[in-house]
Amino acid sequence: MVLLHVLFEHAVGYALLALKEVEEISLLLPQVEECVLNLGKFHNIVRLVAFCPFASSQVALENANAVSEGVVHEDLRLLLETHLPSKKKKVLLGVGDPKIGAAIQEELGYNCQTGGVIAEILRGVRLHFHNLVKGLTDLSACKAQLGLGHSYSRAKVKFNVNRVDNMIIQSISLLDQLDKDINTFSMRVREWYGYHFPELVKIINDNATYCRLAQFIGNRRELNEEKLEKLEELTMDGAKAKAILDASRSSMGMDISAIDLINIESFSSRVVSLSEYRQSLHTYLRSKMSQVAPSLSALIGEAVGARLIAHAGSLTNLAKYPASTVQILGAEKALFRALKTRGNTPKYGLIFHSTFIGRAAAKNKGRISRYLANKCSIASRIDCFSEMPTSVFGEKLREQVEERLSFYETGEIPRKNLDVMKEAMVQAEEAAAEMARKLEKQEKKRLKKEKKRLAALALASSENSSSTPEECEETSERPKKKKKQKPQETPQENGMEDSSVPVSKPKKKKSFSKEELVSSDLEETAGSVSLPKRKKSAPKEEPVSDAEEAGNRSTPKKKRKFSSKEEPLSSGPEEAAGSKSSSSKKKKKLQKLSQED
């Protein structure tokens, strides 16, 4: 009995399903179509054997590309070899794409089937897939399909931005529309300004020049010899400028009001601006054609080549056309009318606008158009499929058309196509090498500029980094000096003065007057002299105490600060005893002063 399995490719992974009652299913196709819509009946027919989810969106894209190209991916190979029976002759695998079925049968040896019942079963699997796989919802399956669709489309659309022919199609269409509009507007200016100055129409034939002159002249009665130089600049012809000046003096035109002249001048300025924009657009079209189709533009010109590309839809479509189609491209109405009436078919279409057909004799127009269409087809294929765009082939093909024209006129035998193409290949290789050298020079210049920029940035960063530590050192040295000054001052006072003399609380010093402070200092110095052990330090203390007294009289606030800092520095039993004796003496003096009062 043959076991029928079905392979289903989804955006989230591969699914392998087994079918029950294979013989009955193969016979009853209408019943299968009915069961597809009912989930309960469909479960009786189909059973999920294995499901291999994709690890990431990149892996899903790789598998989708492999399936579309008819290549067996490693994930698919692993799934089939793992879950299908080992006896390959008893296995029948149903697939939706014949290309992947042929690849599986060739590489793995499993018999594959497509169409018929398999298509209906795959339709049911696609409908009920989120119910067959556990943990998969309809919303997540739709999101996976949408994401894979976008990534697959982006991967397939690979093009060079500089060689997009859509811009050429839009440019040539706009150019044709501008030609029509400028022609219509210029005729309106001619009619409008012709009421005032009718002789100008016969002298000036160019539309843009006529609009510039109408804008410049305005009222013809104001035209004089001073404006002759400007007229010569606009007309680029001294005789025409003189004729305009003479005609303005004897014109038969009607007088015109100032408001009418303002409207005519504003409208003519719009026409002039449109004509200037038309010239800039033509320049843009030439540059785009030199990038996209240099050979075709060198052969028949930028305008005719762009019209051929626009009529075909793209450069690729034009390259796919045979030379007979290129010959009558643009003359479809005449062709079908001739086929309907059984008349003569047209000999040329859009290529009639090239200079070659106009230069050929009447009897040779059909022959040269056929030859030119052949060369246009070759040039379009070279432009479409060559990696490095070059105009060498187009110039050589143009030389061949020129030789063919001279052959029709004089009978001079032209060169063979093989010889011309060999020369073109040699010149194309030289041009490609020169282009590569130019690109290499540009790359070297760019790298030099980049190195200079990086070196300047590195130098600036190094200067900033070298300046910052110096600033940090300066800022760190400043507070250190301040910290050193304070402890240096305190030991000098502690070392030179007696511990019992200056140390006193600032609150008690505030209550004394200057005379009391002087008397207390004199008594303390007298008491220190009476001590036998400190005779040597007594004479040193007197000038210091005098200096301190002078400082205390001038700046009492500083003394308070030092006294507050000196309090914690005093240590030892002798200093404590000295402070107690000084406090007791001050108390006695206060008592005496109170009694005297």
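Looking at an unreviewed UniProt entry, one finds the protein named Nucleolar protein 56, with Ailuropoda melanoleuca as its source organism. According to the UniProt record, the Subcellular location (unreviewed entry) comment for the protein is "Nucleus, Nucleolus". Under the UniProt heading Sequence similarities (unreviewed entry), the entry covering the protein gives this text: "Belongs to the NOP5/NOP56 family."

A. Here's a closer look at the packing of aromatic side chains. This model, assessed by the stated rule, comprises eight aromatic pairs. Measuring from centroid to centroid gives 6.3 Å for Trp192 and Phe267, while their planes differ by 50°, and the two rings are tilted. Residue Trp192 is located in helix 10 (residues 166–194), and its partner Phe267 is located in helix 15 (residues 258–292); the two are separated by 75 residues in the primary sequence. Residue classification places Trp192 among the partly exposed positions, given a relative accessible area of 33%. Relative to Tyr408, the ring of Phe407 has its centre 5.9 Å away and its plane inclined at 50°; by these criteria the two rings are tilted. Among the aromatic side chains, those forming a connected cluster through ring pairs are Phe8, Phe51 and Phe129. Between the NZ or CZ atom of Arg190 and the centre of the ring of Tyr210, over which it lies, the distance is 4.7 Å. Here Lys227 stacks its cationic end above the ring of Phe216, 5.9 Å away from the centre of that ring.

B. Spatial organisation of the side chain of Glu120. Considering the arrangement of structural elements, one finds Glu120 in helix 7 (residues 117–127). Taking relative accessible area as the criterion, Glu120 reaches 16% and is therefore assigned buried. In this structure the side chain of Glu120 is engaged in a polar contact, spanning 2.7 Å, whose partner is the side chain of Arg123.

C. Spotlight on the pairing of strand 4 (residues 91–94). Sheet topology note: the strand 4/strand 5 (residues 111–113) ladder contains three bridges and is parallel. Along strand 5, the bridge assignment pairs Leu93 with Cys112. Once you follow strand 4 into helix 6 (residues 98–107) and on to strand 5, the crossover reads as right-handed.

D. Representation of the environment of Gly330. Assignment of secondary structure puts Gly330 in the loop between helix 19 (323–327) and helix 20 (332–341). Those residues in contact with Gly330, other than ones at most four positions away along the chain, are His311 and Leu350.

Here is what the cut-offs are and how they apply
Residues numbered from 1 in each chain as written. Predicted model: local features only at pLDDT ≥ 70, side-chain atom pairs only at ≥ 80, totals over all residues. Heavy atoms only, no water. UniProt positions renumbered as here; feature names shortened; annotations may be inferred. Phe/Tyr/Trp six-rings, centres within 6.5 Å; stacked < 30°, edge-to-face > 60°. Helix = DSSP H or I, 4+ residues; strand = E, 2+ residues; numbered from the N terminus. Buried < 20%, exposed > 50% of the residue type's maximum accessible area, 1.4 Å probe, protein only. Lys NZ or Arg CZ within 6 Å of the ring centre and 35° of its normal. Polar contact = N/O pair within 3.5 Å; in protein donor to acceptor, adjacent residues only side chain to side chain. Pairing = 2+ DSSP bridges. Right-handed = clockwise from strand over helix to strand, strands pointing away. Contact = heavy atoms within 4.5 Å.

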